[in-house]
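Tertiary structure, described
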Amino acid sequence: MLSEIKWKSFLLPLIFGIGLWLVTPLRPVAISIMAWHLFAIFVATIIACITKPLPMMAVTLIGIVVATLTGVFTMDEVATGFGNSTAWMVAMCMFMAAGFIKSGLGKRIAYLFVSLFGKRTLSLAYALSFVDAVLAIGIPSNNARVNGIMYPIIDNLSREMGSDPKQGTQRKLGSFLVFNEYEVNNITSGLFLTGLAGNMVAIGLAKMQGITVTWMQWFMAACVPGILSLLIIPWVLYKVYPPEVKQTPDAYRWATTRLAALGKMTASEKIMSITFILAIVLWLIGTKIGIDATEVSFIAVVILLITGVLTTNDLLNEHFAWNILVWLSIIMMMSKKLMTLGFFPWFSKTLGHLLNGMNWISVLIILFLAYFYLHYMFPSVSTQISALYAGFLSIAIGAGVPHVLAVLLLAFAGSINLSTTPYSAGPAALLSSTGYVTSAEWWRLSAIIGVIFNVIWLGGGLLWTKLLGFW
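Residues numbered from 1 in each chain as written. Predicted model: local features only at pLDDT ≥ 70, side-chain atom pairs only at ≥ 80, totals over all residues. Heavy atoms only, no water.

Looking up the chain in an unreviewed UniProt entry gives the name DASS family sodium-coupled anion symporter, with the organism given as Lactiplantibacillus argentoratensis. The Sequence similarities (unreviewed entry) comment attached to the chain in UniProt states, word for word, "Belongs to the SLC13A/DASS transporter (TC 2.A.47) family. DIT1 subfamily." (UniProt positions renumbered as here; feature names shortened; annotations may be inferred.)

1. Considering the overall build of the chain
Each helix and strand counted, the chain has 22 helices and zero strands in total. For 471 residues, the compact-globule formula gives about 23 Å, and the C-alpha radius of gyration of the chain, at 23 Å, lands near that figure. Taken along its principal axes, the extent of the C-alpha atoms in the chain is 70 × 55 × 50 Å. Across the 471 residues of the chain, 56% fall into the buried class. The contacts of the chain with a sequence gap of at least 6 include a subset with a gap of at least 24, amounting to 79%. With the model as given, the accessible surface of the chain reaches about 19100 Å², and the carbon-plus-sulfur share is 69%. For the chain, the distance from the average position of its 27 positive side-chain charges to the average position of its 17 negative side-chain charges is 5 Å. (Helix = DSSP H or I, 4+ residues; strand = E, 2+ residues; numbered from the N terminus. Rg over C-alpha atoms; globule rule 2.2 N^0.38 Å. Buried < 20%, exposed > 50% of the residue type's maximum accessible area, 1.4 Å probe, protein only. Contact = heavy atoms within 4.5 Å. Areas by Shrake-Rupley, 256 points an atom, 1.4 Å probe, with all protein chains shown as cover. Lys, Arg positive; Asp, Glu negative; His and termini not counted. Charge placed at Lys NZ, Arg CZ, Asp CG, Glu CD.)

2. So, helix α7 (residues 121-136)
Over its 16 residues, α7 runs 23 Å from end to end, which matches the ideal 22 Å to within 8%, given 1.5 Å per residue. In terms of burial, α7 is a largely internal element, 13 of the 16 residues being buried. (Expected span 1.5 Å × (residues − 1).)

3. Some remarks on the nonpolar core
In terms of nonpolar packing, the biggest core is built from 167 residues, with Phe73, Leu177, Phe179, Trp283, Tyr389, Leu393 and Trp457 touching the most fellow members. Residue contacts for Phe179: discarding those within four places in its chain leaves Leu237, Tyr241, Val437, Trp442, Leu445, Ser446 and Ile449. (Core = buried A, V, L, I, M, F, W, Y, C linked by side-chain atoms within 4.5 Å.)

4. What to know about empty space enclosed by the protein
What the rule picks out here adds up to one cavity of 30 Å³ or more. Reported here for the largest cavity is a volume of approximately 40 Å³. Along its surface, the largest cavity is lined by Asn142, Tyr182, Asn185, Asn186, Leu418, Ser424, Ala425, Pro427 and Ala428. Mapped onto the lining of the largest cavity, the elements with two or more residues apiece are α9 (174-191) and α21 (426-431). For the lining of the largest cavity, the element with the most residues is α9, which contributes three residues. Residue classes in the lining of the largest cavity are distributed as five nonpolar, four polar and no charged. (1 Å grid on protein atoms, 1.4 Å probe; cavity = no way out; pocket = protein on both sides within 12 Å on 5 of 7 lines; lining within 4 Å. Points joined across faces, edges and corners; volume = space filled by probe spheres on them. Nonpolar A, V, L, I, M, F, W, Y, C, P; charged D, E, K, R; others polar.)

5. Quick word on unusual backbone geometry
Phi at Lys52 is positive, roughly 55 degrees, even though this residue is not glycine. Relative to the helices and strands, Lys52 resides in the loop between α2 (33-51) and α3 (56-69). With a relative accessible area of 35%, Lys52 lands in the partly exposed category.

6. Quick word on the environment of Gly308
One can find Gly308 in the loop between α14 (293-306) and α15 (312-316). You can call Gly308 partly exposed: its relative accessible area is 43%.

7. Thoughts on the packing of α7 against helix α8 (residues 142-160)
Running from N to C, α7 and α8 point in directions that differ by 165 degrees, and their axes come no closer than 11 Å. When the axes of α7 and α8 are compared, the pair comes out roughly antiparallel. α8 is crossed by α7, and the crossing has right-handed handedness. Along its contact with α7, which presents Leu124, Leu128, Val131, Asp132, Leu135 and Ala136, the element α8 presents Arg145, Ile149, Met150, Ile154 and Leu157. Looking at the contact of α7 with α8 residue by residue, the class counts come to nine nonpolar, no polar and two charged. (Axes fitted to C-alpha atoms, helices over the stretch in contact; angles between N-to-C directions. Parallel < 35°, antiparallel > 145°, perpendicular 65-115°, else oblique. Left-handed = near helix turned anticlockwise from the far one by under 90°.)

8. Things to note about the confidence of the model for the chain
Detailed reading of predicted coordinates is not advised where the pLDDT is low. Looking at the chain as a whole, the pLDDT averages 87, with 99% of positions reaching at least 70. When the elements of the chain are averaged for pLDDT, helix α17 (residues 343-354) gives the smallest value, 73, and helix α11 (residues 215-240) the largest, 96. (pLDDT = per-residue confidence, 0-100.)

9. Topic: helix α5 (residues 85-103)
Look at α5: 27 Å from first C-alpha to last across 19 residues, which is about the 27 Å you get at 1.5 Å a residue. Burial of α5 is extensive: 15 of the 19 residues sit out of reach of the surface. Count one or two residues on from α5 and you reach Gly104, which has phi positive near 85 degrees.

10. Let's talk about the pattern of salt bridges
On inspection of all chains with the given rule, the structure shows seven salt bridges. In this structure, Lys337 engages Glu77 in a salt bridge whose closest nitrogen and oxygen atoms are separated by 2.8 Å. One end of the pair, Lys337, is in helix α16 (residues 319-340); the other, Glu77, is in helix α4 (residues 75-81), and 260 residues separate them in sequence. Residue classification places Lys337 among the buried residues on the basis of a relative accessible area of 13%. Connected via shared salt-bridge partners are Asp155, Arg159 and Asp164. (Salt bridge = Lys/Arg side-chain N within 4 Å of Asp/Glu carboxyl O.)

11. Quick notes on a nonpolar patch on the surface
On the surface, a cluster of nonpolar side chains totalling about 510 Å² of accessible area is made up of Leu14, Ile18, Leu22, Val23 and Leu26. Within the secondary structure, Leu14 sits in helix α1 (residues 11-22). Taking relative accessible area as the criterion, Leu14 reaches 48% and is therefore assigned partly exposed. (Patch = residues over 30% accessible without salt bridge, like charges linked within 9 Å, V, L, I, M, F, W, Y side chains within 5 Å.)

12. Focus on the layout of surface pockets
Quantified by volume, the largest pocket comes out at close to 390 Å³. Considering the residues around the largest pocket, the lining is formed by 23 residues, among which Asn143, Phe320, Ser380, Val381 and Ser382 are closest to the centre. Residue assignment for the lining of the largest pocket shows that the elements contributing at least two residues are α8, α10 (197-208), α16 and α19 (381-398). Its residues assigned to classes, the lining of the largest pocket shows 13 nonpolar, nine polar and one charged.

13. Here we look at the packing of aromatic side chains
Inspection of every chain in the model, using the stated rule, returns 26 aromatic pairs. Judged by centre distance (5.3 Å) and plane angle (85 degrees), the ring pair of Trp360 and Trp471 falls under edge-to-face. With Trp360 in helix α18 (residues 360-373) and Trp471 in the segment after α22 (439-468), the pair connects residues that are 111 residues apart, well separated along the chain. Accessibility expressed as a relative area gives 21% for Trp360, which makes it partly exposed. For Trp471, a relative accessible area of 28% puts it in the partly exposed group. Grouping aromatic residues by their ring pairs yields a cluster made of Trp36, Phe39, Phe343 and Trp346. Stacked on the ring of Phe73, the Lys or Arg Lys337 has its end atom at 5.3 Å from the ring centre. Above the plane of the ring of Trp471 lies Lys466, whose end atom (NZ or CZ) is 4.7 Å from the centre. (Phe/Tyr/Trp six-rings, centres within 6.5 Å; stacked < 30°, edge-to-face > 60°. Lys NZ or Arg CZ within 6 Å of the ring centre and 35° of its normal.)

Here it is in structure tokens:
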């Protein structure tokens, strides 16, 4: 049986790709024919990632094949492109996430914090928020954190406390905890470079434009707006979307029962804990001793393989990791070639001149807000980053925004903009369909939290990075 292909979804990519190719003679004189042809293929590929006639891996493979057949790439360049360090770092971190889930360490951490701080609903929300933050250091999949660890715990706990959508009692506790987890997951996705695969995609695209940002630089810039958000958002939700149950003494008993059922830490959990701590330390100090972030992720996965926490079959079964490795390598490959051929430098200078007379702070604010609210149009964070990030970064650089600041703030916008819609990413799609939060409530609360995020991450982020000396 043939696989189903959405042939109509090829129409828009073909129109743009062929259209741009045909106007090659009318291209700006500063751009070579090869650069323009690659631009046409790149645009068609990105549009296909949005319209999705096939999954992203398939459409990017089609794009790179077209580029080789037209002479834009040689096969040696393509083969070398699959060695992109950013793409491999994302894949390795996905394998680490599998170790968290398989070993059971993620659930143990969650039960522990619920047992320690879960006697009141607000403190319970803060405890669960802290768990997500800890997990985000080493789990770059927001889907894995929510779907694999946090939501099952919140759902079971809520039902245990008598809060069940099927019984019409979701507002007792579950609605508040579910929406809090949604927003907290967006915060923790931006708090760490390794908190979201999209973060590493953005940093990889920035690297193609000659700008390098380390794990520690990301954390230093994100820690203040991130921690402020973790403190403020649960409290705001507690006020604007209050749970009916304010005290949760039974949560302590529930969590301690679950911990007792787990028993003592297994060897797998202990090894996973040590490996996780080692990875954090090396991400913090690795650059000082000659170990970059990608190498750290390789070291961690090798330890998990040697000790038996993970097997090669576990790695092979992580389909999302291999999928992202392929399409991200191709996107990075095209982006790097566009940079080499001079397209992005021309793009940034041209648009920078168009913004002549506007100070760079105003430009950055406009770009940040535009990037944030454009996510209403995208059902995937990776798709938006692939489609817009490099271009937005080029505009910022052309307008005179300090390079590292531009990379970081636009990347932050690409994490927190997951708070916009019930289709913004996998966690939103899951949590909004559980029955705990109505559609109307979801849109209303998302709009409120979105404004708060912009104040904290844009306004507060600019002030904090000024103190850090980033500009």
